[in-house]
Structure formats: structure tokens, C-alpha cells
Amino acid sequence: MSAILDIVVGIFTKNGFVMSFLMIGILSYLATLISDKLLRGRIPGSAVAIFFGLILAYIGGAISGGDKGISDIGIFAGVGVLGASTLRDFTIIATAYGAKLSEIKKCGFLGVIALLIGILSSYIVGALIAVAFGYTDAASVSTIGAGAVTFVVGPVTGAAIGADSTVIALSVATGLVKSVSIMLLTPLVAKKIGLTTPQAAIVFGGLVGSVSGTSTALASVDKKLVPYGAMIATFYTGVGCLLCPSVLYFLTNLIL
Amino acid sequence: MNLMIYGVALLAGCAFLGSFFGNLLGLLTGLNSDIGGVGFTMIFLLLATNTPQIASRLPKGSSEGIHFWKAMFIPVVIAMAASQNVYKAISGGWLALVAGVSVVLVSFLLIPVFNKFAPKSAEQVDSKEAEA
């Protein structure tokens, strides 16, 4: 019996990368199931799956004592390959595809201003809260500020400026809380904040960013508004990745 | 031959070009790492796919390759989340919660401010004309 178990574990360990597709696939299926049945679609499957990922990372860290979450456990090592910076950046880049420059021109100036103010305000709020929680080094404060932009900008920034893995995980958690908050809170306040026109949707996408958060939120407010918000939000992570580890990090470094 | 590789190759080409400019910025700023390479890459990809001379030379099937990686974004993010050091971060759990929610609330407060400056959208104009 143990010989058979050895074969199974051996296959999974040897083909860790392939194993990671199976694992993330099963995780996504379970997350979608829970999203649909238990939460009745109020929290999208992707957010639930990312939340599960963070739980698995916690379990992995608790068992192995390592700093790479579930991928520090032998048979799950491939998850670390799938989630490493190479594929992460490659897929982020691909998300820009389909955003049309002509559409961006049509949205005009206001969307761009909203985008810049959205990134700046998110970064500032995140950074201020990081300082309030006792972080004083520029790398940590910037990474958490960047995490408040999106859960992708946080780790990209953290990796670029050499932040601690713990802080990077915190920035992912902050971005995830943000994404889920967008999805949960937007439908409640949509009318109050005037989120009823394409113009407002563009501003919304620029200010809150987070493609998954924005598109999910707008879908539950008014399906027609989705492309306007999602299109500008598509640039949010990219511009955030451009600004956070460079200009904003320098300014933070200057102040602290 | 399946043409999706052209799209993936374009993605890879843009990634290297973007990474080059990111590293160049890193060199210029003295940080000696890739600064904003992903952002540069996205701009290059958009420029490439929106430039008729380049876009018209890409065979139709090639966009499938880009769409595949676009769709892999969330799974990769899940894997990324699963390989973070959450165990150590959990002591800062309140920070994530407070920062994550505050940022969204501040964004919500800014939307009405923007709407004041916004020119009337076509829909609003239409409904007013209909009323008149």
C-alpha cells in the first residue's frame, strides 16, 4: 500500500508544474461552487479561489515553516512555479489585450485623471495605514501602499524594491480585501455615488481599479456599464506597476 | 499549423522589450532592477495590436494565444496567493482589512466629486430631450 502511495506522491512531485494546473483547477471549481451555491454569487468565484489560495499558503507556511506558502510542501512545489513572477507578469500583460487605444481616447481626459488620482489616493491611503500600523521603512510602506492599489501591483512593487516576503503577502492580502470590498460594497452605494452613467463608470474604473473587482461590481450594478469601467481598469494595474516602484517609491523614500 | 503561437510570440516579444525598458529605467534610477517593465510591456502590446500595419499582419488565429494567457491571469494569481508567506503576515491581518476597506471607501467618496466635473453623458442628454 505504501509502495502505491509512494508512486502517487512521486508522480505529483516529479511533475509539480502539471500538478499545479490540476490543483488550481480543482480549487477554482470548489470556489465557483461555493460562490454560486453558498454565497449566491455575491462574492465571485475568482475572489473565493484567491482567498482559498491565501488559506492554503497559511497552512503551507504553518506546516513547513518556509516562506513560500503551500509550494514549500513537496507535492505542491509546482504551484510556486505557476505563481512565480515569470508567468504572473506574462498573464498580467495579456490582460491588456483587447483594450483599444481609440476607446481610451474617446473616454478622454477624465478617465486618465481618475486613473492617476485613483492610484495615487489608493497608494496614499494604504501607505498612511501602513505607517499607522508601525511600519517605518520605505520599502514596506511602499509595498503596502502598492497593495492598496491592487493585489498585483503590491507584489510587483515589493519584488522590484526588495521588500520582505511577509510584507509582500500583506500587500496581496490588502489588495484582496480591496477587490472583495469593491465587489461587495459597490452595489450598495451605486445610486448614492451616481454610478449610473457610462461616464461615471469610466471614473469608477479609474478610481477603484482592480479589473476583477470593477467588472464584477459593475455587472451587479448595470451590465451596460461593464465595458466602460473594465476598460479603464485594465490600465490600472499596468500604470500602478509603472508608478509604484518608481516615482511613488522615491517620494515615499524621500518623506520617510 | 495553429497560429496561436504568433500571438504568444508577440506577447513574449513585447515582454522582453518592456523588460528591457524597465531594466533601463532601473539602471537610470540606480535601483538596478526592473522598474515598471510590466507597465511598459502593456503599452507596447497595446501599441502593437492597435497599429494597423502590425495588426493586419497578425493572422486571425494568433489572438487565441493572447486570449489563453489573458484567461490564465486569475489561475496564476491564485497560485501566486497560495505561494505567499501568509503565515507570517497573519499577525498584520487588521492592517490588510483596514487598508483594503478604507481605500475603497475613499474611492467611492471621490466619484461624486468627479461627476461634478463630468460633461453630461449622451444618455442623460437623451433622456432630457425625451422629456422635452
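The coordinates are above.
Since the structure is predicted, the reported quantities are computational estimates derived from the model, not experimental observations.

Within chain A, the secondary structure is distributed over 12 helices and zero strands. Each helix (α) and strand (β) of chain A, taken in turn from the N terminus, gives the series α-α-α-α-α-α-α-α-α-α-α-α. The buried share of chain A, taken over its 256 residues, is 56%. A separation of at least 24 residues holds for 66% of the contacts in chain A among residues at least 6 apart in sequence. Of the roughly 10700 Å² of accessible surface on chain A, a fraction of 70% belongs to carbon and sulfur atoms.

Residues and elements named next belong to chain A. Here isoleucine 113 is to be found in helix α6 (residues 101-132). The exposure class assigned to isoleucine 113 is partly exposed, which follows from its relative accessible area of 28%. Considering only alpha carbons, one finds isoleucine 113 and leucine 207, 94 residues apart in sequence, at a separation of 9.0 Å.

Glancing now at the side chain of serine 71 of chain A. Its location among the elements puts serine 71 of chain A in the loop between α3 (45-64) and α4 (77-82). Relative accessible area serves as the criterion here: at 11%, serine 71 of chain A is assigned to the buried category. Looking at serine 71 of chain A, its side chain comes within polar contact range of the main-chain oxygen of lysine 68 of chain A, at 2.6 Å. Sequence-distant contacts of serine 71 of chain A, defined by excluding residues within four places in its chain, comprise Phe76, Ala77, Val79 and Gly80 of chain A together with Ala82 and Ser83 of chain B.

On to helix α10 (residues 198-208) of chain A, then. Residue and element names in this part refer to chain A. Counting buried positions over the 11 residues of α10 gives 11, a clear majority of the element. Buried within α10 we find Pro198, Gln199, Ala200, Ala201, Ile202, Val203, Phe204, Gly205, Gly206, Leu207 and Val208. Glycine 209 occupies a position one or two residues after α10 and carries a positive phi of about 65°.

Conventions adopted
Within any chain, residue numbers begin from 1 and follow the written order of that chain's sequence. Working convention: letters from A go to chains and numbers from 1 go to ligands, in the order in which they are written. Side-chain atom pairs in this predicted model are given and counted only at pLDDT of 80 or more, local residue features only at pLDDT of at least 70, and totals for whole chains, interfaces and linings cover all residues. As a rule here, side-chain values cover all heavy atoms of the structure and leave hydrogens and water aside. Secondary structure elements follow DSSP: runs of H or I no shorter than four residues count as helices, runs of E no shorter than two count as strands, and numbering proceeds from the N terminus. A 1.4 Å probe rolled over the protein chains alone gives each residue an accessible area, and that area as a share of the maximum for its type sets the label: buried under 20%, exposed over 50%, partly exposed in between. A contact between two residues is defined here by any heavy atoms of the two lying within 4.5 Å. For accessible areas, the Shrake-Rupley method is used with a probe of radius 1.4 Å. Any residue's cover is judged against the shown protein chains and nothing else. Pairing of N or O atoms within 3.5 Å defines a polar contact, subject to two protein rules: one partner must be a possible hydrogen donor and the other a possible acceptor, and residues neighboring in sequence count only if both atoms are side-chain atoms.

Everything listed here is a matter of coordinates, which is why it stays silent on function.
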